[in-house]
Amino acid sequence: MLYHIRMDVNLPPDLDPEVRADLLAREKEYSQKQQREGRWPHLWRVAGEYANISVVDVADHDELHAMLSGLPLFAYMDIEVTPLAGHPNKIAD
Ligand SMILES: O=C(O)CC1=CCC(=O)O1
């Protein structure tokens, strides 16, 4: 199943720099593993914002929740999920 996801990152400005650097390094490692394994085919920065637009490809809502809640930045993000269904007018790939 495909999901369109928007993640807005809200790191506290006074967060300890070492904690911040560790979080960001672990976020990168985690998301790149998901990408390499085919679950995260699109990851885009929203221009001018500390936010991303993603498309993820997972089996179901439970796998989606496990994937999102495993993000090291999960506690610091507002996440909006839109499930995607096939469009009848889409031409075949
Ligand atoms: O958009 C961000 O910086 C947060 C994030 C989610 C996955 C990732 O690699 O970074």
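Residues numbered from 1 in each chain as written. Predicted model: local features only at pLDDT ≥ 70, side-chain atom pairs only at ≥ 80, totals over all residues. Heavy atoms only, no water.

Let us now look at the overall build of the protein chain. When helices and strands are tallied, the protein chain shows 2 helices and 4 strands. Shown N-terminal to C-terminal, the secondary structure of the protein chain runs as helices and strands in the order β-α-β-β-α-β. If one aligns the C-alpha atoms of the protein chain with their principal axes, the spans along those axes are about 50 × 25 × 20 Å. The 93 residues of the protein chain split such that 27% are buried. Side-chain charges in the protein chain split into 9 positive and 16 negative, and the spacing between the mean points of these groups amounts to 6 Å. (Helix = DSSP H or I, 4+ residues; strand = E, 2+ residues; numbered from the N terminus. Buried < 20%, exposed > 50% of the residue type's maximum accessible area, 1.4 Å probe, protein only. Lys, Arg positive; Asp, Glu negative; His and termini not counted. Charge placed at Lys NZ, Arg CZ, Asp CG, Glu CD.)

Summed over the entire model, instances satisfying the criterion amount to 5 salt bridges. Its salt-bridge partner being E49, residue R6 comes within 2.4 Å of it at the nearest N-O pair. Note that R6 is positioned in strand β1 (residues 2–9) and E49 in the loop between β2 (42–45) and β3 (51–57), a separation of 43 residues in sequence. Among the residues examined, R6 registers a relative accessible area of 22% and is labelled partly exposed. Judged by relative accessible area, which is 39%, E49 ranks as partly exposed. (Salt bridge = Lys/Arg side-chain N within 4 Å of Asp/Glu carboxyl O.)

V9, E27, S31, W40, L43, R45, Y50, N52 and L73 make up every residue found near the ligand. At 2.7 Å from an oxygen atom of the ligand is found a side-chain nitrogen or oxygen belonging to S31. Judged by its atoms lying within 2 Å of the grid points, the ligand is housed in the largest pocket. Elements with a contribution of two residues or more to the shell around the ligand: α1 (17–36) and β2. A per-class count over the shell around the ligand returns 5 nonpolar, 2 polar and 2 charged. (Near = heavy atom within 4 Å. Polar contact = N/O pair within 3.5 Å; in protein donor to acceptor, adjacent residues only side chain to side chain. 1 Å grid on protein atoms, 1.4 Å probe; cavity = no way out; pocket = protein on both sides within 12 Å on 5 of 7 lines; lining within 4 Å. Sits in = over half its atoms within 2 Å of the grid points. Nonpolar A, V, L, I, M, F, W, Y, C, P; charged D, E, K, R; others polar.)

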